[in-house]
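# An overview of the molecular structure
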Amino acid sequence: MITARDVTFRYGGTGFRLRVPEFVLQNQERVAIVGPSGSGKTTLLNLIAGILTPETGLIDVAGTNVATLSDAQRRRFRASTIGFVFQDFALLDYLSARQNILYPYRITPALTLTAEARERAEALAVSCGIGDKLDRHPSALSQGEQQRVAICRALVTQPKLILSDEATGNLDPESKARILDLLFEQASQAGAAVLAVTHDHELLPRFERVLDFAQFREEADA
């Protein structure tokens, strides 16, 4: 599903430098990423999703070298192939929770908003415990409820790759287990792989493999 090789990236004006000699995620594999804050975990997810582009190297996702795509092509590819749960949720406050969940269908012609997609959005919301809040806007939701909306949005398109950046970070232990169950259930139904950044080490036994990300963080002048 993912092959990253000889990837380098740096943020200008800082000492941060990310270097990934090689990282592979197999189809339908479930991998957790751990590591200290600032080590580049979120940066790697953004590179895989095509939100950022590497200085050098290959990032192949489902047979597509995302770094070679134009901005518009990367947006279309991301919307149709990847479900991304962002750490800051990235919800649009002028849209209702329902509209936020269905937002991927509004921004790319690669997706068609069907009755089935609407029904799937409703079912996901119920599974996440926000079925009665779909007409509310993000400002009227708690942080945990906003997080659930973001998770539903990532899953509604039945993506082949789910990227999760602290998807359970603001939830109580019972909700964390339920959300992870939902992520894995949806991944199984779609035949999707899961790559999840987490600081919650209690969840790590649920994954097939754990990657310690500290090895990929270098200083620019090293």
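Quick caveat: nothing in here was measured; it's all calculated off a predicted structure.

## With respect to the sheet that holds strand S6 (residues 82–85)
What the 5 strands build is an open sheet, ordered S6-S7-S8-S3-S9; its pairing is parallel. The sheet terminates laterally at S6 and strand S9 (209–212), the two strands that pair on one side only. Between one strand and the next, the sheet's axes are offset by a mean angle of 15°, whatever the strand orientation. Summarising the sheet, strand S3 (residues 30–34) and S9 pair through 4 bridges and their orientation is parallel. Bridge pairing links valine 31 to arginine 209 in S9. The strands that helix H2 (residues 71–81) touches are S6 and strand S7 (161–165); relative to S6, the one it contacts most, it runs at about 85°.

## Some points on the environment of threonine 112
Looking at where threonine 112 falls in the secondary structure, it is placed in the loop between helix H4 (104–107) and helix H5 (115–127). With a relative accessible area of 56%, threonine 112 lands in the exposed category. Sequence separation of threonine 112 and aspartate 71 is 41 residues, and the distance between their C-alpha atoms is 21 Å.

## So, the packing of aromatic side chains
By the definition in use, this model includes 3 aromatic pairs. Sitting over the face of the ring of phenylalanine 184, arginine 30 holds its NZ or CZ atom 4.4 Å from the ring centroid.

## Points about the pattern of salt bridges
Counting across every chain of the model gives 11 salt bridges. Between aspartate 71 and arginine 74 there is a salt bridge whose closest N-O contact spans 2.4 Å. Of this pair, aspartate 71 and arginine 74 both sit in helix H2, 3 residues apart, roughly one helical turn. Residue classification places aspartate 71 among the partly exposed positions, given a relative accessible area of 47%. One salt bridge connects glutamate 122 with arginine 98, and the closest N-O pair in it is separated by 3.1 Å. Taken as a pair, glutamate 122 in helix H5 and arginine 98 in helix H3 (residues 97–101) lie far apart in primary sequence, 24 residues in all. Members of the salt-bridge network, linked through shared partners, are Arg98, Glu122 and Asp135.

The rules behind each value
Residues numbered from 1 in each chain as written. Predicted model: local features only at pLDDT ≥ 70, side-chain atom pairs only at ≥ 80, totals over all residues. Heavy atoms only, no water. Pairing = 2+ DSSP bridges. Helix = DSSP H or I, 4+ residues; strand = E, 2+ residues; numbered from the N terminus. Axes fitted to C-alpha atoms, helices over the stretch in contact; angles between N-to-C directions. Contact = heavy atoms within 4.5 Å. Buried < 20%, exposed > 50% of the residue type's maximum accessible area, 1.4 Å probe, protein only. Phe/Tyr/Trp six-rings, centres within 6.5 Å; stacked < 30°, edge-to-face > 60°. Lys NZ or Arg CZ within 6 Å of the ring centre and 35° of its normal. Salt bridge = Lys/Arg side-chain N within 4 Å of Asp/Glu carboxyl O.

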